[in-house]
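A look at the structure
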Amino acid sequence: MKSLSTLQIALGISVAVHAVLLTVRLVDPERFDHVFQDKPLEIILVNAKSDAKPDKPDKATAIAQASLAGGGEQEKGRATSPLPPSALIELGNDEEDEAQQKIAALKAQQTQLLLQVKQALSAMPLTDLAMPASTPSEIEQQEKRKKLVKLLAEIEKRVNEENARPKKRYISPATREAAYALYYDTLRRKIEAKGTQNFPQLAGKKLYGELIMTLTVNFDGRVLDTEVVQSSGNRTLDRQAKSIVGGTGPFPPFSPAMRKTADQIVVVSNFNFAPDNSLQTKLTAH
């Protein structure tokens, strides 16, 4: 056999190398296929960030604006908000907002009317009321002045009465403000604990049933009033339910945020003295 030339040797080596390369897979098939898997990632916002790299970055469960390793317990689910969990679920309160807006509008109209009456009085020419009117014009001016003075007195009396009256805030399922929601949660827990510990009974027999009660709490935490607006059908149970609420107080004083808008709160709540010998309460719009 004739000796191979240098060119032939080079070609042979090249063919062998290419054959080997064609038999080797340089890409991890699982990771390669993972890119094309039909598994969309949820886009969320996180309320923390970590510098440490996750142990398994190829198995991300969501896209976030910052890296977060070990962000909670998976079995409890992942939060979908960057905010901390709220103590209470607060429902929308469009009707409550509308009522507050109407009250504010009426107060603004009253203030505007008071200002207009004062301006009308100041614009009238000064006359000596001790002197009898001698002309029809003077008679008309005196009558107009008397009416304005009377109207002014009525408006000022109404304003003073409203200012002296305590500001009440009705707590309903639609209450949105965190300060009131948290306060009600504290109140509810104390009442339920008291009612469960001192479950109503008569002659050693437990009393079960449901009723609706309103309770008024003063800014210093004192219970001012309790009223059963829908009876359980058992007067003894109704009376003992009122005693439970009265005996639970006083509650904590109002927070500064609450004091800005209310002197008292009125809570309308459903009381359920359940067969498991526990008291369960919930707000109602009754």
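Details of the structure are given in the entry above.
A brief look at the structure comes next. Counting restarts for each chain: residues are numbered from 1 in the order of the written sequence. The predicted origin of the model limits local features to residues at a pLDDT of at least 70 and limits the giving and counting of side-chain atom pairs to 80 or more, whereas totals for whole chains, interfaces and linings rest on all residues. Side-chain calculation: all heavy atoms of the structure are included, whereas hydrogens and water are not.

Turning our attention to helix H5 (residues 178-197). For helices the rule is a DSSP run of H or I covering at least 4 residues; for strands it is a run of E covering at least 2, with both sets numbered from the N terminus onward. Expected helix span is taken as 1.5 Å per residue step, with the number of steps being one fewer than the number of residues. Compared with the 28 Å implied by 1.5 Å per residue over 20 residues, the 29 Å span of H5 between its first and last C-alpha is a close match. A 1.4 Å probe rolled over the protein chains alone gives each residue an accessible area, and that area as a share of the maximum for its type sets the label: buried under 20%, exposed over 50%, partly exposed in between. Taken together, the buried positions of H5 are occupied by Tyr180, Ala181, Tyr183, Tyr184, Asp185, Leu187, Arg188, Ile191, Glu192 and Gly195. Contacts are residue-level and defined by heavy atoms, with any inter-residue pair within 4.5 Å sufficient. Those residues of H5 that are buried lie in contact with strand E3 (168-171), strand E6 (209-218), helix H6 (235-248), helix H7 (256-259), strand E8 (264-273) and strand E9 (279-283).

Now for the pairing of E3. Burial along E3 is one-sided: Arg169 and Ile171 are buried, and none of Lys168 and Tyr170, which face the opposite way, are. Pairing geometry for E3 and E8, over four bridges, is parallel. The partner of tyrosine 170 across the bridge, within E8, is valine 266. Two strands make a pair as long as DSSP finds a minimum of two bridges between them.

Nonpolar cores were defined as sets of buried Ala, Val, Leu, Ile, Met, Phe, Trp, Tyr and Cys residues, with membership established by side-chain atoms within 4.5 Å. With 26 residues, the main nonpolar core has Tyr183, Leu187, Ile191, Val217, Ile265, Phe271 and Phe273 as its most contacted residues. For this core, the element with the most residues is H5, which contributes five residues. For leucine 187, the residues in contact, after removing those within four places along its chain, are Leu215, Val217 and Phe251.

Right, let's get into the pattern of salt bridges. What counts as a salt bridge is simple: a side-chain nitrogen of Lys or Arg found within 4 Å of a carboxyl oxygen of Asp or Glu. Inspection of the entire model under this criterion finds six salt bridges. A salt bridge links aspartate 185 to arginine 189; its shortest N-O distance comes to 3.0 Å. One end of the pair, aspartate 185, and the other, arginine 189, are both in helix H5, four residues apart, so they sit about a helical turn from each other. Under the relative-accessibility criterion, aspartate 185 is labelled buried at 9%. One salt-bridge network, in which partners are shared between bridges, spans Asp185, Arg188, Arg189 and Glu192.

When the centres of two rings from Phe, Tyr and Trp lie within 6.5 Å, Trp using its six-membered ring, the rings pair. Their planes under 30 degrees apart give stacked, over 60 give edge-to-face, and anything left gives tilted. If you walk through the whole model with that rule in mind, you get three aromatic pairs. The interplanar angle of 55° and the centroid separation of 5.6 Å between the aromatic rings of phenylalanine 199 and tyrosine 208 together place this pair among those described as tilted. For phenylalanine 199, a relative accessible area of 5% puts it in the buried group. The exposure class of tyrosine 208 is partly exposed, given its relative accessible area of 42%. Ring centres 5.7 Å apart and planes at 85° place the aromatic pair phenylalanine 199 and phenylalanine 273 in the edge-to-face group. Residue phenylalanine 199 is located in the loop between H5 and strand E4 (201-202), and its partner phenylalanine 273 is located in strand E8; the two are separated by 74 residues in the primary sequence. Phenylalanine 273 gets classed as buried once you look at its relative accessible area, which sits at 1%. Of the aromatic side chains, those joined through ring pairs into one cluster are Phe199, Tyr208 and Phe273. Over the face of the ring belonging to tyrosine 180 we find arginine 169, whose NZ or CZ atom lies 4.9 Å from the ring centre. A cation sits over an aromatic face here: arginine 259 above phenylalanine 219, 4.2 Å from the ring centre. Criterion for a charge above a ring: Arg CZ or Lys NZ at most 6 Å from the ring centre, at most 35 degrees from the ring normal.

Take the pairing of E8 next. For E8, the buried fraction is high: 10 of the 10 residues fall into the buried class. Examined bridge by bridge, E8 and E9 share five bridges and lie antiparallel to one another. Within E9, the position partnered with phenylalanine 273 by the bridge is leucine 279. Linkage of E8 to E9, two consecutive antiparallel strands, is achieved through a turn of five residues, within which asparagine 277 is found at a positive phi near 65°.

The residue asparagine 270 is located in strand E8 in this model. Setting aside chain neighbours within four positions, we find asparagine 270 in contact with Glu210, Leu211, Ile212, Gln280, Thr281, Lys282 and Thr284. Looking at asparagine 270, its side chain comes within polar contact range of the side chain of glutamate 210, at 3.4 Å. Pairs of N or O atoms are called polar contacts if they sit within 3.5 Å, as long as, within protein, a hydrogen donor faces a hydrogen acceptor (for residues adjacent in sequence, only side-chain-to-side-chain pairs).

In this section: empty space enclosed by the protein. Note on definitions: the grid is 1 Å and covers protein atoms alone; a cavity is a set of points where a 1.4 Å probe fits but cannot get out; a pocket is an open set with protein on both sides within 12 Å along at least five of seven lines; lining residues have an atom within 4 Å of a point. Grid points are joined across faces, edges and corners, and a volume is the space filled by probe spheres set on the points. Under the counting rule described, the total for this entry stands at two cavities of 30 Å³ or more. Estimates place the volume of the largest cavity at around 40 Å³. As for the largest cavity, its lining consists of Tyr184, Leu187, Arg188, Ile191, Leu215, Val267, Ser269, Phe271 and Thr281. Of all elements in the fold, only H5 and E8 reach the threshold of two or more residues within the lining of the largest cavity. Broken down by element, the lining of the largest cavity gets its largest block of residues, four residues, from H5. Residues that form the lining of the largest cavity fall into these classes: six nonpolar, two polar and one charged. Residue classes follow a fixed rule: Ala, Val, Leu, Ile, Met, Phe, Trp, Tyr, Cys and Pro count as nonpolar, while Asp, Glu, Lys and Arg count as charged, and any other residue, Gly among them, counts as polar.

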